Amino acid sequence: MSKKVIVGATGAVAAVGVAIGWRASKRYPNGDGDRKAQKRAPLLVEGVNAERFVEALCEAITFPTVVLDDGTYETDVFDRFASMLVRRYPRISAELEREVFNQHGLLFTWEGTDPDLDPIVLMAHHDVVPVEKGTEEDWIAPPFGGTVVDGKIYGRGALDCKGPLIAIFEAIEYLLERDASPERTVYVVSGHDEEIGGRNGAQVIAHELRTRGVTPWFVVDEGGAVVDGVLRGVSAPVALVGIAEKGFVNLKLTAHGEGGHSSVPPHGTAILTLASAIVALEANPVPARIDAIRPMLTALSDHLPGVVGALASRPAAAASLLSRVFARDVLMDALQRTTMVPTIIEGGVKANVLPQSASVVVNLRIIPGDTSETVVDHVRSVIGESVDTEILPDFVREPSEFSRIDSDAWETLTGVIDEMFPSAIVAPWVLVGATDSWFFESFSRDVYRFSPFVLDEEGRGGYHGTNEFVREDGAGRAVSFFVRLIVVAAGTGDVLSGSS
Ligand SMILES: [Zn+2]
């Protein structure tokens, strides 16, 4: 990967790279290195226009690019969103190739000068989840207003995923304004239906790239962030980088019973049978897989309190004990096992009529190591024959593979994270949700999930919820992150070789 200086007819960007310097720094800080890290300031890229990011994100939020579960959305809103990108980013519009898939899925290609180098793929998505009816008034600022209140940019999509998308665009525009041209091709993928599975957007784009023979060096998508005060007992901020993601399957469980008048109830009814099955599932979780969180524990072991820290440093030996400790924390438990939770329940039409059937949809999130088949078997073995189990079609995804944490791609990404978030501990994790990057798993060895924003407990609550926001003062860092990532990964081979 050591190549001549990459970026820039003018050399301006290369100069930025040199000025910033490449820190061949700790990936897993230990005591001493960590204290030093606390004192370092983020290496922001000079000339990055944070104000323009804020303006662009505010405007991006004003387009309610909502997709509904039934796949419907307002096409003209997506058209106007795409036009906004063209208007705001004249250099990108003029110099990158733009392809549109299924009307609203976007693929941008910034051709590299060296066709022998594998490209990098930067991903986001521009659809958003709806705002739950009746909660609009709970927002500090209107969810599609795109306003800044007390230093926070509020709006649906601020974090998920227009913030990251605008940061990528600002970074590329910044580099183009300095006449940069990368050696390695940079693809930007922004799907329009990520929130409902990505089948018409990212899946189609990924398939197209694969058909063209593209083999990305690495992919970076949403699905991790710098969390602060979110992991219990860890006081330092933690840059969670997704190296895998859970799969999912929806099951519909249906119980049957005698109909009739409610005045002489039988011993078992459809609702009672169903309720027993739900309670049985709660009492019999899918067995934990401590392996899935071992890389994270190793990274955090120096920072976890007391006994847990000691155990975490030897997760293999202490597996069952750790597993029981983590079971008490909902987040840690979700990171170590396939979860199951009832989400939709139906049964009965009238207060004095016994329903002949009652059903529940159970949403399972499958940890790598399990498969849809093994977890459905588990459910069947727990609830027995008295309840029908049906896999809902169109909503099954196997968990991803693990991307590497000892590869050049990992070193490159985490090196830039370390530049921008020097006080954060980098920890690999398994994403509990799903992202569009899953579609790249089959043809890119390393798929990482990380957005360059700091997320505290308050910020986490806004994810798909009320008062989604990103902090205004994080703008410069977010854009700098992508500038540096592109400079280092797609650009300056010399810099890379100096770090390893
Ligand atoms: Zn998202």
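Residues numbered from 1 in each chain as written. Predicted model: local features only at pLDDT ≥ 70, side-chain atom pairs only at ≥ 80, totals over all residues. Heavy atoms only, no water.

Notes on unusual backbone geometry
Right, on to step 1. Here the amide bond leading from D160 into C161 is cis, since omega sits at 10 degrees, within 30 degrees of zero.
Right, on to step 2. Its identity is not glycine, yet H464 carries a phi of approximately 65 degrees, on the positive side.
Right, on to step 3. Residue position: H464 is located in the loop between α15 (457–461) and β19 (469–471).
Right, on to step 4. Among the residues examined, H464 registers a relative accessible area of 40% and is labelled partly exposed.
Right, on to step 5. One non-glycine residue, N467, adopts positive backbone phi at about 65 degrees.
Right, on to step 6. Topologically, N467 is positioned in the loop between α15 and β19. (Helix = DSSP H or I, 4+ residues; strand = E, 2+ residues; numbered from the N terminus. Buried < 20%, exposed > 50% of the residue type's maximum accessible area, 1.4 Å probe, protein only.)

Points about the environment of V67
Right, on to step 1. Position of V67 among the secondary structure elements: in the loop between α3 (50–61) and α4 (75–88).
Right, on to step 2. Judged by relative accessible area, V67 falls into the buried class, the value being 2%.
Right, on to step 3. Separated by 62 residues in sequence, V67 and V129 have C-alpha atoms that sit 6.2 Å apart.
Right, on to step 4. Filtering out sequence-adjacent residues up to four positions away, V67 remains in contact with T72, Y73, F78, D127, V128, P130, H192, D193, E195 and I196. (Contact = heavy atoms within 4.5 Å.)

With respect to the coordination of the zinc ion
Right, on to step 1. Within the first shell, the zinc ion binds the protein through H125 (NE2), D160 (OD), E222 (OE) and E222 (OE), at distances of 1.8 to 2.4 Å.
Right, on to step 2. If you list the donors of the zinc ion from N- to C-terminus, the spacing comes out as H-x34-D-x61-E. In this pair, H125 is assigned in strand β3 (residues 120–125) and E222 in the loop between β7 (218–221) and β8 (226–228), connecting sequence segments 97 residues apart. Across the pair, exposure class does not vary: H125 and E222 are buried alike. (Donors = N, O, S within 2.8 Å, 3.2 Å for Na, K, Ca; no water.)

Re the sheet that holds strand β5 (residues 152–154)
Right, on to step 1. Spatial ordering of the open sheet is given by β4-β5-β19, a layout of three strands whose pairing is antiparallel. Each edge of the sheet is formed by a strand with only one pairing partner; in this case those strands are β4 (147–149) and β19. Between one strand and the next, the sheet's axes are offset by a mean angle of 30 degrees, whatever the strand orientation.
Right, on to step 2. Bridge count for β4 against β5 is three bridges, and the pairing is antiparallel. Within β5, the residue paired with V149 across the bridge is K152.
Right, on to step 3. Against the sheet, α3 touches β4, β5 and β19, its axis set at about 20 degrees to β5. (Pairing = 2+ DSSP bridges. Axes fitted to C-alpha atoms, helices over the stretch in contact; angles between N-to-C directions.)

Points about the packing of aromatic side chains
Right, on to step 1. Enumeration according to the criterion identifies 14 aromatic pairs in this entry.
Right, on to step 2. On the numbers, 5.1 Å between centres and 90 degrees between planes, the contact of F108 with F169 is edge-to-face. Of this pair, F108 sits in strand β2 (residues 105–110) while F169 sits in helix α6 (residues 162–177); the two residues are 61 residues apart in sequence, bridging distant segments of the chain. Accessibility classification places F108 together with F169 in one group, the buried group.
Right, on to step 3. Among the aromatic residues, those joined into a cluster by ring pairs are F421, F450, F481 and F482.
Right, on to step 4. Its guanidinium or amino end placed over the ring of F469, K152 lies 5.1 Å from that ring's centre, counting from NZ or CZ.
Right, on to step 5. Over the ring of Y174 we find R178, and its NZ or CZ is 3.7 Å from the ring centre. (Phe/Tyr/Trp six-rings, centres within 6.5 Å; stacked < 30°, edge-to-face > 60°. Lys NZ or Arg CZ within 6 Å of the ring centre and 35° of its normal.)

A closer look at the pattern of salt bridges
Right, on to step 1. Applying the stated criterion to the full structure yields 24 salt bridges.
Right, on to step 2. Its salt-bridge partner being D370, residue R289 comes within 2.5 Å of it at the nearest N-O pair. Taken together, the residues R289 in the loop between α8 (270–283) and α9 (294–300) and D370 in the loop between β14 (357–366) and α13 (372–383) connect sequence positions 81 residues apart.
Right, on to step 3. Judged by relative accessible area, which is 7%, D370 ranks as buried.
Right, on to step 4. For D291, the salt bridge identified is with R294, shortest N-O distance 2.8 Å.
Right, on to step 5. A single salt-bridge network, built from bridges that share partners, covers R52, E170, E177 and R178. (Salt bridge = Lys/Arg side-chain N within 4 Å of Asp/Glu carboxyl O.)

Some remarks on a negative patch on the surface
Right, on to step 1. A cluster of like negative charges, contributed by E51, E55, E472 and D473, occupies part of the molecular surface.
Right, on to step 2. As for its position among the elements, E472 is in the loop between β19 and α16 (475–491). (Patch = residues over 30% accessible without salt bridge, like charges linked within 9 Å, V, L, I, M, F, W, Y side chains within 5 Å. Areas by Shrake-Rupley, 256 points an atom, 1.4 Å probe, with all protein chains shown as cover. Lys, Arg positive; Asp, Glu negative; His and termini not counted. Charge placed at Lys NZ, Arg CZ, Asp CG, Glu CD.)

Considering the packing of helix α14 (residues 408–420) against α16
Right, on to step 1. Taken N-terminus to C-terminus, the directions of α14 and α16 make an angle of 145 degrees; their axes are 9 Å apart at the nearest point. Here α14 and α16 pass one another in a crossing that is right-handed. Contacts between α14 and α16 involve T412, L413, V416, I417, E419 and M420 on the former and, on the latter, R477, S480, F481, R484, L485, V488 and A489.
Right, on to step 2. Residues that form the contact of α14 with α16 fall into these classes: eight nonpolar, two polar and three charged. (Left-handed = near helix turned anticlockwise from the far one by under 90°. Nonpolar A, V, L, I, M, F, W, Y, C, P; charged D, E, K, R; others polar.)

Some remarks on the environment of E419
Right, on to step 1. By the element assignment, E419 lies in helix α14.
Right, on to step 2. Spatially, the C-alpha atoms of E419 and L43 are 5.5 Å apart, while their sequence positions differ by 376 residues.

Some words on the domain arrangement of the protein
Right, on to step 1. Splitting the protein by domain gives domain 1 (12–27 + 39–243 + 401–499) and domain 2 (247–283 + 346–398).
Right, on to step 2. Taken together, the contact pairs 10 residues of domain 1 with seven residues of domain 2.
Right, on to step 3. Carbon and sulfur atoms supply 56% of the area buried between domain 1 and domain 2, which totals about 620 Å² over both sides.
Right, on to step 4. Area buried by domain 1 at its contact with domain 2 is led by R199, A434 and W438, which between them contribute 52% of it.
Right, on to step 5. In this assembly, domain 1 and domain 2 are joined by zero salt bridges.
Right, on to step 6. Here domain 1 and domain 2 share three residue pairs in polar contact (both at pLDDT 80 or more) between them.
Right, on to step 7. The residue inventory of the side of domain 1 that touches domain 2, partitioned by class, reads six nonpolar, three polar and one charged. (Domains from an automatic or database assignment. Buried area = accessible area lost by both parts, 1.4 Å probe. Polar contact = N/O pair within 3.5 Å; in protein donor to acceptor, adjacent residues only side chain to side chain.)

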